[in-house]
Amino acid sequence: MTDAAQIQIKSEVEANDVVLFMKGTSEMPQCGFSSRVAGVLNYMGVSFKDVNVLADEGIREGIKAYSDWPTIPQLYVKGEFIGGCDIITEMTLSGELDTLFSEKGVAFDKDAAEKIREANTAG
């Protein structure tokens with residue numbers, strides 16, 4: 001990983017309360033996993049910075065080393081690595097993501113979070 005990529009990643013993680021390193025952008029995701037996490041955050045009304053790893057190979061490889069996590073997307077909240085798509089999905093459905101956002105002072109729509117859980121438990 002280049003020093004420049006490491007510095008840029010660290011800067012994004014520290015400067016933004018919520019950062020999603022993803023393939024594509026929140027408006028135009030370029031993989032299903034990135035789309036799912038961005039979709040959850042958007043639906044819940046979370047303000048977040050999206051970083052398109054496809055636009056910079058240094059960032060794409062660098063984020064994996066930065067977090068010691070092999071896959072993208074990667075979600076950071078208040079400087080802390082939270083996880084990828086599977087972890088964020090599980091946390092959303094269990095309510096852990098709500099708790100995390102509340103504890104970290106990140107604004108989100110609690111009703112929207114409930115609707116996600118209701119939609120995924122109906123059956």
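Given the structure is predicted, the values throughout are model-derived calculations rather than measurements.

(A) Region of interest: the pattern of salt bridges. Counted by the stated rule, this structure contains seven salt bridges. Residue K10 pairs with E14 through a salt bridge whose shortest N-O separation is 2.4 Å. In this pair, K10 and E14 both sit in helix α1 (residues 3-15), four residues apart, roughly one turn of the helix. In this structure, E12 engages K49 in a salt bridge whose closest nitrogen and oxygen atoms are separated by 3.3 Å. With E12 in helix α1 and K49 in strand β2 (residues 49-52), the pair connects residues that are 37 residues apart, well separated along the chain. Taking the relative accessible area as the measure of exposure, E12 reaches 16% and is therefore buried. With a relative accessible area of 32%, K49 lands in the partly exposed category. Linked by salt bridges that have partners in common, D98, E114 and R117 make up one network.

Analysis parameters
Numbering of residues starts from 1 in each chain and follows the order in which that chain's sequence is written. In keeping with the model being predicted, local features are shown solely for residues with a pLDDT of at least 70 and side-chain atom pairs are shown and tallied solely at 80 or more, while totals for entire chains, interfaces and linings include all residues. Computation of side-chain values: all heavy atoms of the structure, hydrogens and water removed. Each reported salt bridge corresponds to a side-chain nitrogen of Lys or Arg within 4 Å of a carboxyl oxygen of Asp or Glu. Counting from the N terminus, the helices are the DSSP runs of H or I reaching at least four residues and the strands are the DSSP runs of E reaching at least two. Throughout, exposure labels follow a simple rule: accessible area from a 1.4 Å probe, protein chains only, divided by the maximum for the residue type, with under 20% read as buried, over 50% as exposed, and the rest as partly exposed.

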